[in-house]
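Below, each chain spelled out in residue letters.
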Amino acid sequence: MSVFEFSEDDRRLLSELRRDLHRHPELSWKEMRTQERLERALLECGVTSIERVAKTGLVARIPGRTAGAPVVALRGDIDALPITEATGLEFTSVHDGVMHACGHDVHASWAVGAALLLARNPAAGEVRIILQPAEEVGEGAAAVLASGALDGVHVIFGAHVDRRFAVGEVVAQEGPLAASTDTFAITLHGAGAHGARPQEAADPIVGAAELILALQTIVSRRLDPALPGVVTVGSIHAGRASNVIPETAELTGTVRATTSESRVLLTTEVVRLTHAVAATHRLRAEVAVNEGTPPVVNSPDASRWAAQAVHDILGPAALKPLGTTNMGGEDFAFYLEQIPGCFLRIGARETGGDRIAAHSPRFYPDEVSLFVGAMVLAQCARIAGNQATGTR
Ligand code: NI
């Protein structure tokens, strides 16, 4: 297998697609132009079965070689972020305050690139190319699942560009890859009084202070120290005057975990400790835990197939360990809760380039990562289909 399965014409088509998407970024659930542009690109690649799903998403079906062979899905997310671009790229965003700062322009384009390769050289079974909207708000994956576009899918693959890794390096490994992203909102109800007469009050500020410290013991004392986890209080609001004890204090925060068990432990402990600390201060607590995305946990078989795909396309040296787990979230996790699969990290740092973090106004993936991602994902689909039927 050559490093470039793509002809020069293919590369021009995909590179123009990527640059066009980058120039015209659209926020979550507003990917109307993006949807239309991707539809056109898929048609240009010889893909004819295309359906609009989940409002601004698409699913394209590429027939397989063997009837009854397992169905594999490949997902690329397509939305942008409310950030003002500062990359200085020649195809910089023309939409003020909106930017592809997370590389979804490349993810969408590599999904189209994989479709092109699979239309030419099909997998054993059908492959569904999922162009998913609204990843940044954590809603798109659930909407795609609800649309039924993934019914009957046996394995799913997706990937993210990552400038911590050089172009040509890929992470494809079993187990936790990214964290869950739940949030909480707490209101402590006390009794207000004059600041000089605390004995007449139930002080929510002192209660909140103790609660913030108590919440830090969840990760340090309750969670297995070998597991990553985060409990962060991100906001606290109480009181308006120096000589008044207020009635209430409000806190919000986020909880990150990398397994479903530790996710339950952390959120349950936030609720339990809040009520317990509130009670010791004669306060009443209201706690709301808002479920975000689950942790991204790659399945063993799919991860092995993905690693094989990387090996086939790029050689044995390309496969890199993730290193420390990313405590950010990724809504691909919703798929992995229902379908076995693997989420990969595709190196996107050019030679001599910096490790620019995603969501920075200066973030951009090197364009070669587009072709690497497309080839690796297409190969994932081929191997997964064959492996699952035992024909490889
Ligand atoms: Ni992203």
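Here the structure is shown first, and the text comes after it.
Remember, predicted model here, so these are calculated numbers, not experimental data.

Calculation criteria
Residues numbered from 1 in each chain as written. Predicted model: local features only at pLDDT ≥ 70, side-chain atom pairs only at ≥ 80, totals over all residues. Heavy atoms only, no water. Helix = DSSP H or I, 4+ residues; strand = E, 2+ residues; numbered from the N terminus. Rg over C-alpha atoms; globule rule 2.2 N^0.38 Å. Buried < 20%, exposed > 50% of the residue type's maximum accessible area, 1.4 Å probe, protein only. Areas by Shrake-Rupley, 256 points an atom, 1.4 Å probe, with all protein chains shown as cover. Donors = N, O, S within 2.8 Å, 3.2 Å for Na, K, Ca; no water. Pairing = 2+ DSSP bridges. Contact = heavy atoms within 4.5 Å. Axes fitted to C-alpha atoms, helices over the stretch in contact; angles between N-to-C directions. Left-handed = near helix turned anticlockwise from the far one by under 90°. 1 Å grid on protein atoms, 1.4 Å probe; cavity = no way out; pocket = protein on both sides within 12 Å on 5 of 7 lines; lining within 4 Å. Points joined across faces, edges and corners; volume = space filled by probe spheres on them. Nonpolar A, V, L, I, M, F, W, Y, C, P; charged D, E, K, R; others polar. Core = buried A, V, L, I, M, F, W, Y, C linked by side-chain atoms within 4.5 Å. Salt bridge = Lys/Arg side-chain N within 4 Å of Asp/Glu carboxyl O.

### Re the overall build of the chain
Summing up its helical and strand segments, the chain has nine helices and 15 strands in all. In summary, the chain has a C-alpha radius of gyration of 24 Å against a globular reference of 21 Å for 392 residues, a match within 12%. When the backbone C-alpha atoms are referred to their principal axes, the chain occupies close to 80 × 45 × 40 Å. Relative to its full complement of 392 residues, the chain shows a buried share of 53%. Put simply, the chain shows about 16200 Å² of open surface, and 52% of that area lies on carbon and sulfur atoms.

### Topic: the coordination of the nickel ion
In the first shell of the nickel ion, the protein supplies C102 (SG), H104 (NE2) and H160 (NE2), at 2.1 to 2.3 Å from the metal. Counting gaps between the donor residues of the nickel ion yields the pattern C-x1-H-x55-H. Taken together, the positions of H104 in helix α3 (residues 104–120) and H160 in strand β5 (residues 153–166) put the pair 56 residues apart, joining distant regions of the chain. Of the two residues, H104 and H160, neither departs from the other in class, the shared state being buried.

### Here's the deal with the pairing of β5
Of all 14 residues making up β5, 12 are buried, and the element is well covered by its neighbours. Note: β5 against strand β15 (residues 341–349), eight bridges, orientation parallel. Within β15, the residue paired with V161 across the bridge is I346.

### Overview of the sheet that holds strand β4 (residues 127–132)
Across the sheet, seven strands lie side by side as β1-β2-β4-β3-β5-β15-β6; this open sheet has mixed pairing. For this open sheet the edge positions go to β1 (49–53) and β6 (170–171), each flanked by a neighbour on one side alone. On top of the sheet, α3 reaches β2 (57–62), β3 (71–77), β4, β5 and β15; it is set at about 130° to β5, its chief contact.

### Considering the packing of helix α5 (residues 204–222) against helix α6 (residues 260–280)
Contact pair α5 / α6: the axes reach a minimum separation of 9 Å and the direction vectors enclose 145°. For α5 against α6, the interelement crossing comes out right-handed. The residues of α6 that touch α5, namely those facing G207, E210, L211, A214, L215, T217, I218, V219 and R222, are L265, L266, E269, V270, L273, T274, V277 and T280.

### What to know about the layout of surface pockets
Computed from the structure, the largest pocket encloses a volume of approximately 500 Å³. As for the largest pocket, its lining consists of 26 residues, of which C102, N326, G329, A358 and H359 are closest to the centre. Among the elements that make up the lining of the largest pocket, the one with the highest residue count is β5 (five residues). A per-class count over the lining of the largest pocket returns eight nonpolar, eight polar and 10 charged.

### As for the nonpolar core
Membership of the largest hydrophobic core comes to 60 residues, with the highest contact counts inside it found for L74, L131, F157 and L344. The element contributing the most residues to this core is helix α9 (residues 368–389), with 12 residues. Not counting residues within four places of it along the chain, the set of residues in contact with L74 comprises A114, L118, V127, R128, I129, I130, F157, L377, A378 and A381.

### Topic: the sheet that holds strand β8 (residues 182–189)
Strand pairing in a sheet is mediated by backbone hydrogen bonds. Such pairs are either parallel or antiparallel. The strand order across the open sheet formed by four strands is β10-β12-β8-β13, and the pairing between neighbours is antiparallel. In this open sheet, the two edge strands, each paired with only one partner strand, are β10 (229–238) and β13 (284–290). Strand after strand, the sheet turns through a mean of 20° between neighbouring axes, direction not considered. Direction of pairing for β8 relative to strand β12 (residues 248–257): antiparallel, over a ladder of eight bridges. Among the inter-strand pairings, L188 is bridged to a residue of β12, identified as A249.

### Observations regarding the pattern of salt bridges
According to the stated counting rule, one finds 25 salt bridges in the structure shown. Across the pair R18 and E367 runs a salt bridge, and its minimum N-O distance is 3.1 Å. Here E367 lies in the loop between β15 and α9 and R18 lies in helix α1 (residues 8–23), a separation of 349 residues in the sequence. Relative accessible area serves as the criterion here: at 15%, E367 is assigned to the buried category. With its nearest N and O atoms 3.3 Å apart, the salt bridge here joins E51 to R61.

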